[in-house]
Amino acid sequence: MGKSPSTKRCVGSPPRQTEDPLSPPCVAHFSGDNGGSTAAGVTRDEVRLLVYFQGSAPGTYTITDRGAEQDPDPNQIFDLSRPAADNEPFQVRSFRLWQRFFNERYQTYGRFVRFFVHYGSDVDGPEARRADASTGLKEVDPFAVLLMSQLNADAYLDVVSRHGVLSFLGRGTADPNPGLAAASFQKYAGLFWAYDPSVEKRAAVVTGALCRQLVGRPVSFSGNAQDQGTPRVLGMYRADDRRMPQLQRYAALVKSGVEACGGTWAAEATFPESKCIECGSSPEYAVKAVAGFREAGVTTVVWPGGFETRFSKAAAAAGWFPEIVLGGDGVSEDNLRATTNDQRVWAHTTAITAMLRSGDTSSRPCGQAAREADPETADAGVACESYETARQVFIGIQVAGPRLTSSAVDKGFHAIPAVASTDPSIPACFYEASDYTCVKDAMLTWWDPSGTNPASGQPGCNRMVDGGLRRLAGGWSDRDIAAGRTAGDPCNGG
């Protein structure tokens, strides 16, 4: 497909690489020596990028042939420098858009970034992930991997990192995920990156809000009239799912963070799975949780990640409508999950979320980029799920400069200035010392059953306090968590 152009169409004042506010400052032209083969997977003309999907991940491989659905065979690699085949997996079609767009618009110093998509083994377990990693290294020899599957990720990372290959943790999962532990990134320091925050960074933002705006303040948004204005009594409701240890760590960090600022817990209860409409065959766990909280006098339930609906139904059946504060995980606090809960209970819910203020796909940077790559594309919505990860890779390549190495990417990322966001649709994105994740802030939302989701037109929406103003961990204002709410708060489509 040839080299990427040496002259780029930058935009804005000061000029940036693309219309996306998170794109790097403009490098419009490059000529001269790029150093040639500066690292594995890099030549004078090319950078090889491997996108990896685990074969056994549920729902990963659905192919939409403009309506038809089927599962592709595992253990296959698509070379996106070759012409598209009929009935390609929709993920392959999505990454074709990003191969075209980012090569055309970002500065890659005379090299074409060539994508390969690898659908790995459908066998579960760490040994299968190690075998997939070895296959990817042998068949592609990549400079970097977009790791789109998190299960047994360490096994995959152990193999590729030993060869100096960079890895970027993909987005788009439908599972609650507060982020991997910072130690997981530090283990592969400079070789493993993510757009979403680590679990420690997410917990720091959440506890910052809880400590500044919830702890030690009177009840303000309960549906129980007798509780309004009384001192808050805190209870924690968390997922106890050993398959998702990061959710357990998230809850532990939130718990200890609240205690460090003077908060106390009157009661704690758990639910058995990280994501389910109605966990288990019986609602007994939820009925027991509601009863225990009421007996302990809990007015305010803090819910750090994970999703289920039996709790709200049990609370409604008991005529109990407490304050609920969600520590978001990127999924459990969205509009879709909210609508599956009992609306009488969920009407008293607020969320501390890293989600962005978003409109329909056409107005977002990912949708605009997908249409620029292919004005006729029908895949823009699906492609948006992988946009941030692909953008992060190309930012890394651009800020590394012509002599592309993993250490140059590390140096370039850590040179990005720490600037707070002033736009609710754009996160604060920077990398602190010994930190390899991008997003650092969050906003407050509250659930309004009478609102309308602007993206879907369906009833109910998360209304954004202060229009979705985003806060860093230490930047929350000194007021009650519900003080900024107004009936005119805009609805988020996310």
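Here's what I pulled together on the structure shown here.

Conventions and cut-offs
Residues numbered from 1 in each chain as written. Predicted model: local features only at pLDDT ≥ 70, side-chain atom pairs only at ≥ 80, totals over all residues. Heavy atoms only, no water. Helix = DSSP H or I, 4+ residues; strand = E, 2+ residues; numbered from the N terminus. Rg over C-alpha atoms; globule rule 2.2 N^0.38 Å. Buried < 20%, exposed > 50% of the residue type's maximum accessible area, 1.4 Å probe, protein only. Contact = heavy atoms within 4.5 Å. Salt bridge = Lys/Arg side-chain N within 4 Å of Asp/Glu carboxyl O. Pairing = 2+ DSSP bridges. Phe/Tyr/Trp six-rings, centres within 6.5 Å; stacked < 30°, edge-to-face > 60°. Lys NZ or Arg CZ within 6 Å of the ring centre and 35° of its normal. Axes fitted to C-alpha atoms, helices over the stretch in contact; angles between N-to-C directions. Disulfide = S-S within 2.5 Å. Core = buried A, V, L, I, M, F, W, Y, C linked by side-chain atoms within 4.5 Å.

With respect to the overall build of the protein chain
1) Next: In terms of helices and strands, the protein chain carries 13 helices and 17 strands.
2) Next: Computed over the C-alpha atoms, the radius of gyration of the protein chain is 23 Å, within 12% of the 23 Å expected from 2.2 N^0.38 for a compact globule of 494 residues.
3) Next: With respect to the principal axes defined by its C-alpha atoms, the protein chain has extents near 75 × 50 × 40 Å.
4) Next: Looking at the protein chain residue by residue over its 494 residues, the buried ones come to 56%.
5) Next: Considering only contacts within the protein chain whose residues lie at least 6 apart along the sequence, 70% involve residues at least 24 apart.

Section: the pattern of salt bridges
1) Next: According to the stated counting rule, one finds 33 salt bridges in the structure shown.
2) Next: Residue R114 pairs with E46 through a salt bridge whose shortest N-O separation is 3.2 Å. One end of the pair, R114, is in strand 5 (residues 112–119); the other, E46, is in strand 1 (residues 46–53), and 68 residues separate them in sequence. The same class applies to R114 as to E46, namely buried.
3) Next: Via salt bridges that share partners, E46, R48, D79, R82, R114 and D141 belong to a single interconnected network.

Side note on the environment of A373
1) Next: Looking at where A373 falls in the secondary structure, it is placed in helix 11 (residues 365–373).
2) Next: Overall, A373 belongs to the buried group, its relative accessible area being 7%.
3) Next: Sequence separation of A373 and Q99 is 274 residues, and the distance between their C-alpha atoms is 8.8 Å.

Thoughts on the pairing of strand 1
Note on strand geometry: in a regular strand, side chains alternate between the two faces of the sheet.
1) Next: For strand 1, the buried fraction is high: eight of the eight residues fall into the buried class.
2) Next: On strand 1, burial covers both faces: E46, R48, L50 and Y52 on one face and V47, L49, V51 and F53 on the other are all buried.
3) Next: Pairing of strand 1 with strand 5 involves eight bridges; the strand directions are parallel. By the bridge assignment for strand 5, L49 is matched with F115.

Brief notes about the packing of aromatic side chains
1) Next: Following the criterion strictly, the structure yields 30 aromatic pairs and no others.
2) Next: Taken together, a centroid distance of 5.9 Å and an interplanar angle of 55 degrees make the contact between W98 and F102 tilted. Taken as a pair, W98 and F102 lie in helix 1 (residues 90–105) at a separation of four residues, close to a single helical turn.
3) Next: The class for W98 is buried, based on a relative accessible area of 0%.
4) Next: An angle of 20 degrees between the planes, with centres 4.5 Å apart, marks the rings of F185 and F192 as stacked.
5) Next: Taking the relative accessible area as the measure of exposure, F185 reaches 2% and is therefore buried.
6) Next: Note on F192: relative accessible area 0%, which makes it buried.
7) Next: The aromatic ring of Y431 is capped on one face by K440, whose charged end is 5.7 Å from the ring centroid.
8) Next: Cation over ring: R485 sits above F221, and NZ or CZ is 4.6 Å from the ring centre.

Regarding the sheet that holds strand 1
Pairing between sheet strands relies on hydrogen bonds along the backbone, with the strands arranged either parallel or antiparallel.
1) Next: If you walk across this open sheet you meet the six strands as 4-5-1-6-7-8, and the pairing is mixed. The outermost strands of the open sheet, each flanked by one partner alone, are strand 4 (76–79) and strand 8 (192–194). Across the sheet, the mean angle separating the axes of adjacent strands is 25 degrees when strand polarity is ignored.
2) Next: Of the strands in this sheet, strand 1, strand 5, strand 6 (144–147), strand 7 (166–169) and strand 8 touch helix 12 (residues 380–400), which is tilted by about 145 degrees from strand 7.

Remarks on the state of the cysteines
1) Next: Tallied over the full model, the rule gives six disulfides.
2) Next: Across a sulfur-sulfur distance of 2.1 Å, C211 and C261 are joined as a disulfide pair. With the S-S bond torsion at -85 degrees, the cross-link from C211 to C261 turns out left-handed. You can see C211 sitting in helix 5 (residues 199–213) and its partner C261 sitting in the loop between helix 6 (245–260) and strand 10 (265–271), a full 50 residues away along the chain.
3) Next: Using a relative accessible area of 33% as the deciding quantity, one classes C261 as partly exposed.
4) Next: Disulfide pairing places C366 opposite C384 at an S-S distance of 2.0 Å. Disulfide C366-C384: torsion about the S-S bond near 90 degrees, hence right-handed. With C366 in helix 11 and C384 in helix 12, this residue pair connects regions lying 18 residues apart in the sequence.
5) Next: A relative accessible area of 4% places C366 in the buried class.
6) Next: A residue is classified by how much of its surface remains accessible, and C384, at 5% relative accessible area, is buried.
7) Next: Take the cysteines of the protein chain that form disulfides and number them in order along the sequence; they join up as 1-2, 3-4, 5-6, 7-8, 9-10, 11-12.

Some words on the nonpolar core
1) Next: F95, W98, F115 and V117 are the most contacted members of the largest nonpolar core, which has 74 residues in total.
2) Next: With ten residues, helix 12 is the largest single contributor of residues to this core.
3) Next: The residues touching V117, leaving out its near neighbours within four places in the chain, are V51, F53, Q76, I77, F78, L80, V92 and F95.
4) Next: Core analysis: the next-biggest nonpolar cluster, separate from the first, contains 56 residues, V215, V290, I352 and W446 among them.

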